Amino acid sequence: MSLMQRLVRERPMPTRPGRWPTAGQLWRFLKRSAGFAPTAEAAILAEMVGALRVASDAAFDRGGWGAVVDTVAIAAPYVPAWADSLPSDSVVNDALVLAGLRPRTYESSDPVYLVETSAVLADSGLRTCKLRWCAGHGPAVGGGEDGGLQSRIAFFISFTNDSLYTSFQRDGCFYFPVYDNLFGVIDPEYGLDRKDVAATPTDFWHALRDQLLRRVSEYAEFKQVVEGAGYWDAYHIEILVAGEAAGTQEFLDVVRQFAKTVPDRLSTGENHKKSVDTVVPDNPAFAAARGAAVWLGMSMDESYCDEFYRSGEIVSQRATPYHAPLFLAQAKGYFKDEGIKVAILEPNDPSDVTEIIGSGKIDLGFKAMIHTLAAKARGFPVVSVASLLDEPFTGVLYLKSSGITTDFRSLKGKRIGYVGEFGKIQIDELTRHYGMTPDDYTAIRCGMDVSKAIIEGHVDAGIGLENVQMVELEAWLESQGRPRSDVQMLRIDELAELGCCCFCSILYIGHEKFVAENPDKVRAFLRAVKRATDYVLATPEAAWREYADYKPAMATELNRKMFERSFAYFSRDLKNVARDWAKVTAYGKRLGVLDAAFKPNYTNEHLAWALDAESADPTGDQKRMVVLQKEVAANGGCRRLPQTVSV
C-alpha cells in the first residue's frame, strides 16, 4: 500500500517524444534488454499479474475450456508517472512482458491501463461512448482526436478494508487516456478495519464523512484560487463509489448524507448550483475489474462495430417496444425505397443521446421534449424534426406497500429514484410547490432501472413512464400473486399543473448542421418512418409480429404489453405540436433550465404531408386517455382515442 500511496501522489517531470532520454530511462532500457525488471514497481505489478494469470489458467483448465490467458486489461488508481510515460518506457507494459503477457499497443490513442475511475464508470454503463469508439477504431472511419463527453466531474471514492482512496477526474469517454485526475489520496486511516479501533462505530463513520467533506473543500478551493481552474468547474458532479467495503450499508448511508451537502459547497451563487448524482455499481467490490473486462471485450470483439461500418445515415437509440416504426422502416425496406442507407446504433446509456448527436458523430436520435430543450440551452446544436409519441403519462411510480399516497407530501423521508438529472430537478421544484425542500427526500439515480430499484427495495418510488416502467412493475406484481393495481403513479403534469404530459413526448431529433445541409435526406427518412407508423396503426398485430421477428429481444410477453400500452401515444402525423412546445418551454423556464429569452428548437418543415389540426379538447383528451389506458391494462389490445379536431 505504501508504494501506491506514493505513486498516486507523485507528479513526474513530463517526458515527450523527440527529447533526449534521461539517465534513468537509459538505465531502465539496459535492465529491460538484459531481461531484468526495469523498476521495482514493474516487478511488484508483474508478480500480481502473474499470480492472476496462473489462477485464470487453472480456472480454464477446470472448466475444460483449454484456453490460455495471453492478453489482459489492467485497472488501477490514477498514477501520474504511468499516465505520462513514453510507449517504450511504460511500467504497465514492462509488468505485462515480465508476466509473459502481451503488452498494450499504442497504435491508437488508447491508454495502456484503465484508470480505476474510468473502469467503474464503464461497469456502471456510463461514458461507454460506443459511437465515438467505433468512429475512432474502425477501418471504415478515420480515427481522430476526440475530447469525449467532458462535461462532468467524477468524485471517486474507493472504500476497502484497508484504506480510503479518493480523487477527482473529468469523466469523458471511459477508454480515453486520462490526464485530468487530481488530488489522488490513499488514506489507511479510513479503511473499514479502522472501525474496530475507533472509540465507537459512530465516531468512525463521522470521521469518514468529515474526510469526504475535506476532500470536496480541497477541490472547491483549488477551483477558486488556481489560474485556469475554470476548466474544472463542471455543472454536473458524479459521486462514484467502489471497493470491497463499499457495499456496507453504513458507508452508503454516509455517502448519501454527504452527497446532499455537495451542491452548496461547490456552488458559486444561487444560479450556479451543481447537479450531483451518486452512482453505486451493482457489485462495488469487482466494479473496476468488470469495467476492465468491458474495455478488453470492446478491443477484442471484431463484430462490435459492424453495424456502424454499414452506416449511411446514422440513428442512435436503444430499442424499446415503442420504437417499432423506426425498426420496421428498416426491416420492410422503406429506407431503401427512399434511396437512403440508415444504421441504427443502440447506446448503452440513453442519456448520452443528445450529447452524441450534438457532437456531430451521429445524425438523428430520439429524446424527450424537456431534454431536447435543455440540450439546446446547454449549447448542443440539436433540433426536433418530428414526434414519435405524444404525451405519454409520466410520474412518480410507487407501490401501495411503500406508505406513499396520492398526497405528494407523503414522499417526505422517502428514497426517490430518477433516470437523469432533470428528473431530480423536477422533483426538487415540486417539493417547493408542496411546502417541502429537496432535503426532505433522498434522490437516487437509477438510470433506466427504476422498476428494478423499486422491486429490490433500493428506492421507495421512482420516475417512470406509464407505458414502460409501470408495465414492468405490474408484471412483477402479477408474478408475486399481488394485484397489478398495487402500483400507482403521481403524474408530474398534474402535480406541476402543466395541463399536458407533453414534457415527456418522445421526439425525432437531429444535429442542426446535418438537418440544414441534408434536407432531402431528412425528408426521405421521415417519409419512411411515417410509412412505417401508418403500417403500425393500421395493422398493429402484424406490425408487432414483424418487429419481434426483426428484433428477437422484443419477443416477450412483457414487451408486447408495453407495445399495447404505447399504441395510443403514437403520433399519427409526426408533427411537433406548437401548443405543447410552448407549454414545455415555459415549464423549462420555471425549472431554471432555460433562460427567459429561449426559443423552442423544433421544425415541421420536413413533414411533406398534410398535418392534422390540433385537438379541440386537449384536456378532455387527457381524461379520456386515462380511461382508455386503464382498459388496455386490464384487457390488452391496441386501442386509440378518436380524433377531436378544431374547426
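Okay, so let's go over this structure. Predicted model only: the values in this text are computed from it and were never measured.

Rules used in this analysis
Residues numbered from 1 in each chain as written. Predicted model: local features only at pLDDT ≥ 70, side-chain atom pairs only at ≥ 80, totals over all residues. Heavy atoms only, no water. Helix = DSSP H or I, 4+ residues; strand = E, 2+ residues; numbered from the N terminus. Buried < 20%, exposed > 50% of the residue type's maximum accessible area, 1.4 Å probe, protein only. Areas by Shrake-Rupley, 256 points an atom, 1.4 Å probe, with all protein chains shown as cover. Salt bridge = Lys/Arg side-chain N within 4 Å of Asp/Glu carboxyl O. Contact = heavy atoms within 4.5 Å. Pairing = 2+ DSSP bridges. Axes fitted to C-alpha atoms, helices over the stretch in contact; angles between N-to-C directions. Phe/Tyr/Trp six-rings, centres within 6.5 Å; stacked < 30°, edge-to-face > 60°. Lys NZ or Arg CZ within 6 Å of the ring centre and 35° of its normal. Parallel < 35°, antiparallel > 145°, perpendicular 65-115°, else oblique. Left-handed = near helix turned anticlockwise from the far one by under 90°. Patch = residues over 30% accessible without salt bridge, like charges linked within 9 Å, V, L, I, M, F, W, Y side chains within 5 Å. Lys, Arg positive; Asp, Glu negative; His and termini not counted. Charge placed at Lys NZ, Arg CZ, Asp CG, Glu CD. Nonpolar A, V, L, I, M, F, W, Y, C, P; charged D, E, K, R; others polar.

## Thoughts on the overall build of the protein chain
Counting its secondary structure elements, the protein chain contains 25 helices and 17 strands. The buried share of the protein chain, reckoned over its 647 residues, is 53%. Of the roughly 28200 Å² that the protein chain leaves accessible, carbon and sulfur atoms contribute 52%.

## Focus: the pattern of salt bridges
Counted under the stated rule, the structure contains 31 salt bridges. Put simply, R560 and E564 hold a salt bridge, and the shortest N to O gap is 3.2 Å. Of the two residues, R560 and E564 are both situated in helix α23 (residues 557-567); the distance of 4 residues between them amounts to about one turn of the helix. One exposure class covers both R560 and E564, and it is buried. Connected through salt bridges with shared partners, the residues E466, E474 and R565 form a single ionic network.

## Structural notes on helix α15 (residues 369-377)
Every buried residue of α15 is listed here: M369, I370, T372, L373, A374 and A375. G379, located one to two residues past α15, shows a positive phi value of around 100°.

## Digging into the side chain of T117
Among the structural elements, T117 can be located in helix α6 (residues 116-123). Assessed through its relative accessible area of 1%, T117 is described here as buried. Other than its neighbours up to four places away in sequence, T117 contacts A154, F156, S167, Q169, N181 and L240.

## Examining the sheet that holds strand β12 (residues 394-399)
One open sheet accounts for 5 strands, arranged β14-β13-β15-β12-β16; its pairing is mixed. If you trace the sheet from one side to the other, it starts and ends with β14 (442-445) and β16 (487-491), each paired once. Across the sheet, the mean angle separating the axes of adjacent strands is 35° when strand polarity is ignored. Where β12 lies against strand β15 (residues 461-465), 5 bridges are found, and the strand directions are antiparallel. If you follow V396 over to β15, its bridge partner there is I463. Along the sheet face, helix α18 (residues 469-479) touches β12, β15 and β16 and points at about 160° away from the line of β16.

## Quick word on the packing of aromatic side chains
Centre distance and the angle of the planes are the two values used to describe a pair of aromatic rings. Inspection of the entire model under this criterion finds 22 aromatic pairs. Taken together, a centroid distance of 5.9 Å and an interplanar angle of 70° make the contact between F156 and Y165 edge-to-face. Three or more aromatic residues joined by ring pairs form one cluster here, namely F327, W544, Y547, F563, F567 and F570. The ring of F393 carries the charged tip of R491 above its face, separated from the ring centre by 4.1 Å.

## Observations regarding the packing of α15 against helix α24 (residues 578-591)
Helices that pack against each other are described as a pair by the angle of their axes relative to one another and the distance between those axes. Contact pair α15 / α24: the axes reach a minimum separation of 10 Å and the direction vectors enclose 60°. When the axes of α15 and α24 are compared, the pair comes out oblique. Considering the relative orientation of α15 and α24, their crossing is right-handed. Together, M369, I370, T372 and L373 of α15 and D580, W581, V584, T585, G588 and L591 of α24 make up the contact between the two elements.

## Concerning a negative patch on the surface
Taken together, the side chains of D162, D193, D196 and E244 make up a negatively charged region of the molecular surface. Along the chain, E244 turns up in the loop between β6 (236-242) and α9 (249-266).

## Focus: unusual backbone geometry
Even without a glycine there, the phi angle at E497 is positive, about 55°. With a relative accessible area of 62%, E497 lands in the exposed category. Despite not being glycine, L574 has its phi angle at roughly 70°, a positive value. Position of L574 among the secondary structure elements: in the loop between α23 and α24.

## Digging into the packing of helix α12 (residues 324-331) against helix α21 (residues 519-538)
Interhelical geometry of α12 versus α21 gives an angle of 105° and a closest axis separation of 8 Å. What the angle tells us is that α12 and α21 run roughly perpendicular. Only F525, A528, V529, A532, T533, Y535 and V536 of α21 make contact with α12, whose side of the interface consists of P325, L326, L328 and A329. Looking at the contact of α12 with α21, its residues break down into 10 nonpolar, 1 polar and no charged.

None of this, on its own, says anything about what the molecule does.
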